[in-house]
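Breakdown of the fold
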Amino acid sequence: MKSIIRPALTLFFALTFICCVIYPLAITGIGQVAFSNEVDGSVVTRGGQPVGSTLIGQSFSSPRYFWGRPSATSPMPNNPTSSSGSNLGPINPALIDAVKGRIDALKAADPGNTAAIPVDLVTASASGLDPEISLAAAYYQVPRVARERKLTVEQVRSTIEQHSEQQYFGFLGEPRVNVLALNLALDGSS
């Protein structure tokens, strides 16, 4: 019996040490070297204080700011511990009512804007945490943000263009802009 237990325990402790100590330390070290910003949460700081993350959407409600995609996370919007979509189908009355409410909020914030409202401003993503919006969603909000900040439309559009990102690898996804980075850039220029 001793001849079986001793090798089994030795193997158990060796594999535990390899899998629970060496492997996590190695992966963490590689991550810190190769992807240090992402490993640390891509936290953005201003004046030494964290103001958000470029990887997780934040809720902006002031008309001075660009608004991101709605979040379906609970118990609060953009909750990274509860990443999920709403799972409401396109004909679900709750989703239809939520979209109508979001459309009404956008129209109330900018009643003179008669442009078509981009879908990403009224629907949540699958993760509920999108930090980016399409360029169409950003351009839709330009008149309101420019008016509220007392900037020209050209100044705000230029800021969008400076902070926009193209498709991944030139063909995946669509051009987009990070809402937090855009709002912080406007705060810096106002």
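For the structure, see preceding data.
Notes on the structure in this doc start here. (Residues numbered from 1 in each chain as written. Predicted model: local features only at pLDDT ≥ 70, side-chain atom pairs only at ≥ 80, totals over all residues. Heavy atoms only, no water.)

Examining the state of the cysteines
Within this structure, the stated rule accounts for zero disulfides. C19 takes part in no disulfide bond, and the closest cysteine sulfur to it belongs to C20, at a distance of 6.2 Å. Residue classification places C19 among the partly exposed positions, given a relative accessible area of 48%. (Disulfide = S-S within 2.5 Å. Buried < 20%, exposed > 50% of the residue type's maximum accessible area, 1.4 Å probe, protein only.)

Brief notes about empty space enclosed by the protein
The full count for this structure, using the stated rule, is one cavity of 30 Å³ or more. Empty space within the largest cavity amounts to approximately 70 Å³. For the largest cavity, the full set of lining residues is I56, G57, Q58, F60, G68, R69, N78, D130, P131, N178, V179 and L180. (1 Å grid on protein atoms, 1.4 Å probe; cavity = no way out; pocket = protein on both sides within 12 Å on 5 of 7 lines; lining within 4 Å. Points joined across faces, edges and corners; volume = space filled by probe spheres on them.)

Topic: the nonpolar core
Ranked by internal contacts, the top residues of the largest apolar core, which has 23 residues, are F66, L106, I133, A138, V156, I160 and V177. Mapped by element, the contributors of at least two residues to this core are helix 3 (93-109), helix 4 (135-149), helix 5 (153-163) and helix 6 (179-189). The leading source of residues in this core is helix 4, at seven residues. Each residue touching L106, except ones within four places of it in the same chain, is listed here: W67, I117, L121, V122 and Y140. (Core = buried A, V, L, I, M, F, W, Y, C linked by side-chain atoms within 4.5 Å. Helix = DSSP H or I, 4+ residues; strand = E, 2+ residues; numbered from the N terminus. Contact = heavy atoms within 4.5 Å.)

What about the side chain of S134?
Mapped onto the elements of the fold, S134 is located in strand 3 (residues 132-134). Judged by relative accessible area, which is 7%, S134 ranks as buried. In this structure S134 touches D120, E174, P175 and R176, once residues within four positions along its chain are discounted.

Here we look at the pairing of strand 2 (residues 49-53)
Two strands pair when backbone bridges link them, and strand 1 (residues 43-46) and strand 2 are joined in this way by four bridges, in the antiparallel orientation. By the bridge assignment, V43 is partnered in strand 2 with S53. Counted along the chain from strand 1 to the antiparallel partner strand 2, the turn is two residues long, and its residue G47 has a positive phi close to 60°. (Pairing = 2+ DSSP bridges.)

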